[in-house]
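Report on the structure
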Amino acid sequence: MRMQRVWAWVALAFGLVYFFLPLIGTVEFSLRMRRGEYSLDAYRVVLSDPRFQQTFSYSVVMALCTIVVGVLIVVPTAYWVRLRLPRLRPIVEFVTLLPLVIPPIVIVFGYIRMYNTSSFLPLTGSATGTNFLLMMGYTTLALPYMYRAVDTGLRAIDIRTLTEAAQSLGAGWFTIMARVIMPNVLVAILSGAFLTFAIVIGEFVLAALLNRPAFGPYLQLVGANRAYEPAALAVIAFSITWICMGLIQLVTRFSRHTQARR
Amino acid sequence: MGYLHISNLQKSFGPTQVVKDFNLSVEKGEFISFLGPSGCGKTTTLRMVAGFETPSAGTIQIEGRDIVRLRPNQRNIGMVFQSYALFPNLTVADNVGFGLRVAGVSRAERAERVAEMLGIVGLGEYGARYPFQLSGGQQQRVALARALAVRPQVLLLDEPLSALDAKIRVSLREEIRAIQRKLGITTIYVTHDQEEALSMSDRIVVMNNGVAEQVAAPYEIYNRPTTRFVANFVGTLNLIEAQVADGPAGVVEIGGTPLPLGRPVQGATVALALRPESVSLVPASGRDVPLPAEISEVHFLGSVIRIRARVGTASLSLDTFNTPDAPPPPVGEQARIWLNPRDLMVLEE
Ligand SMILES: Nc1ncnc2c1ncn2[C@@H]1O[C@H](COP(=O)(O)OP(=O)(O)OP(=O)(O)O)[C@@H](O)[C@H]1O
Ligand SMILES: [Mg+2]
């Protein structure tokens, strides 16, 4: 018994060291730009770099668009599958898992082949078209997370009876979606949204190969040419992810407070 | 033709026919119950009226207008569900006002109507609460108010009380009935609880295997069931296979005693039904006829004593009230039991 406990603690400690040591190392390194003392110089340089501001805001806008499109695609789909096509659920679930097993590089080469300037839909010919393509790519990458989050949210409410109740009160599909389904899976949507945000901010392959000024390629560029700034950027990117995770927790906690005991 | 008219309604799920040739005509303001065992098609029939299932055949008319082709949200039919189905994200007031808002009723008018409806169901103070802050009974009242707020032409309730405990069930069913009377709304109420159906309804539709076996007032259903199923399903019943002594004159024999039914019967034997409360150990009126019997079981149930007695080959249950000066007979005693032949119900198949 005692030995088992000891080993459990050892395993935990090893895990924590494995996880935190590089992180601590990175943070420590990012603070050493000024010789002989700790400073936030690296962060100052990074944050004042106009390319940082441009790429970061580009990626934020892309992330928000991706979230909107993802929600508009996923929520009605998951809802309809649960309501009317429960037998298709395994298939739909499988499809939503595909982005996890197909590497982004395959997706992006597919896009470039399908939508190049000599194709029937020359999306890569213009910046707007490429942005659109990139956003759809992001939506695909985020699909497994978004779908799972929303589907779990839908499971928690009796959507069939709520739908019928709304219908018997005269509501059409739009009202049902907007006033009954969406508000009741809002928490699930938000957690899906934060995951999507984290994915899009750090994504490199799609943005680089479609040649868009996103945050991921900028990270890579700085990383290849500078010493301390990449460490600062990594810490910033990591913090964003963690803030997203924290927000998911917060939202979940908050909603449990208002909608407990259904 | 009634206010709500259902004719030749059928529904099949794949090869299984769940509702077979259902006919019903409901008057305006009437309270109708669908009563039947689990799986007999009550919910399916109700859902076809609401528009959630498409009939395989048949018509449903309200005020002469066929509604089968209308979508549920175009039908103006209120629905109350067993699971309440309140919108968890909306307050009680917003739940009740949901249908009005969909219909584009102005905010002021809505508030007024919501307050009125909450007053009717006795929850005037609860408008600002969320559904999860209410008890089951309160939630179901909100659901009722929500369904009635839009002034539907017909109100449908699918076992609205079966998730509640016994006491609330009784008080709420009286309340529902009172509200229904007050608003004069045409109502169909699905239940598998016969006490509920008998106590609330203007008429009861007893369903079995997707067929309406009998449609009649509770008093009729209980006292003059027309089929063996109805007789068996509603209340407790003695079923007796009697020999026909004189068919045209309507005389049958039970355990050798001739009994005049007062109506002609056919065949060599006839199926009869008799309520336990119609049989007694002492004559209750001058018309009662004695039958020699042997007491086979005595069950003391408190205010009532249920006795089983053998009469020839038949076994009859009878109920007597418990009185301190008349102790029940011992098991095995030879006794005489009394019944009025006119209480014998002849069952068609
Ligand atoms: N969507 C469906 N697909 C296939 N069969 C169904 C469907 N809905 C109902 N049934 C079948 O139809 C029959 C009648 O169901 P229904 O729900 O109408 O019964 P009910 O009288 O309401 O019973 P209960 O008292 O248990 O609610 C049942 O045998 C049921 O299995
Ligand atoms: Mg049912």
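So, a few notes on the structure that sits alongside this text.

Analysis parameters
Residues numbered from 1 in each chain as written. Chains lettered and ligands numbered in written order. Predicted model: local features only at pLDDT ≥ 70, side-chain atom pairs only at ≥ 80, totals over all residues. Heavy atoms only, no water. Contact = heavy atoms within 4.5 Å. Buried area = accessible area lost by both parts, 1.4 Å probe. Salt bridge = Lys/Arg side-chain N within 4 Å of Asp/Glu carboxyl O. Helix = DSSP H or I, 4+ residues; strand = E, 2+ residues; numbered from the N terminus. Buried < 20%, exposed > 50% of the residue type's maximum accessible area, 1.4 Å probe, protein only. Patch = residues over 30% accessible without salt bridge, like charges linked within 9 Å, V, L, I, M, F, W, Y side chains within 5 Å. Areas by Shrake-Rupley, 256 points an atom, 1.4 Å probe, with all protein chains shown as cover. Phe/Tyr/Trp six-rings, centres within 6.5 Å; stacked < 30°, edge-to-face > 60°. Lys NZ or Arg CZ within 6 Å of the ring centre and 35° of its normal.

Regarding the interface of chain A and chain B
Between chain A and chain B, the residue contacts involve 24 residues of the former and 22 residues of the latter. Summing the contributions of chain A and of chain B, the shared interface buries around 2,100 Å²; its carbon and sulfur component is 60%. Its largest share of buried area at the contact with chain B, chain A owes to Ser168, Leu169 and Arg179 of chain A, together 33% of the area lost on that side. Counting every contact that joins chain A to chain B gives 1 salt bridge.

Brief notes about the pattern of salt bridges
Throughout the structure, instances matching the rule amount to 19 salt bridges over all chains. Two residues, Arg113 of chain B and Glu116 of chain B, come together in a salt bridge whose shortest N-O distance is 3.2 Å. A residue pair is termed a helical-turn pair when its members lie 3 or 4 positions apart in one helix, as Arg113 of chain B and Glu116 of chain B do in helix 3 (residues 107-120) at 3 residues. Arg306 of chain B is the partner of Asp319 of chain B in a salt bridge, and the nearest nitrogen-oxygen pair spans 2.7 Å. With Asp319 of chain B in strand 18 (residues 314-321) and Arg306 of chain B in strand 17 (residues 304-311), this pair connects stretches of sequence that are 13 residues apart. Taking the relative accessible area as the measure of exposure, Asp319 of chain B reaches 19% and is therefore buried. A cluster of three or more residues bridged by salt bridges with shared partners is formed by Arg34, Glu37, Asp41 and Arg44 of chain A.

Points about a nonpolar patch on the surface
Residues and elements named next belong to chain A. On the surface, Leu97, Leu100, Val101, Ile102, Ile105, Val106, Phe109, Tyr145 and Leu209 cluster together into a nonpolar patch covering about 770 Å² of accessible area. Taken together, the elements giving at least two residues each to the nonpolar patch come down to helix 4 (89-101) and helix 5 (104-114). Following the sequence through the fold, Leu209 ends up in helix 10 (residues 205-209). Overall, Leu209 belongs to the partly exposed group, its relative accessible area being 35%.

Observations concerning the packing of aromatic side chains
Two numbers describe a pair of aromatic rings. These are the distance of the centres and the angle of the planes. A full pass over the atoms with the stated rule returns 16 aromatic pairs over all chains. Ring pairing ties together the aromatic residues Phe19, Phe20, Phe238 and Trp242 of chain A, which thus form one cluster. Across the ring face of Phe87 of chain B, the terminal group of Arg146 of chain B is positioned such that the distance to the ring centre comes to 4.7 Å. For Arg275 of chain B, the ring lying beneath its charged end belongs to Tyr222 of chain B, and the centroid distance is 3.9 Å.

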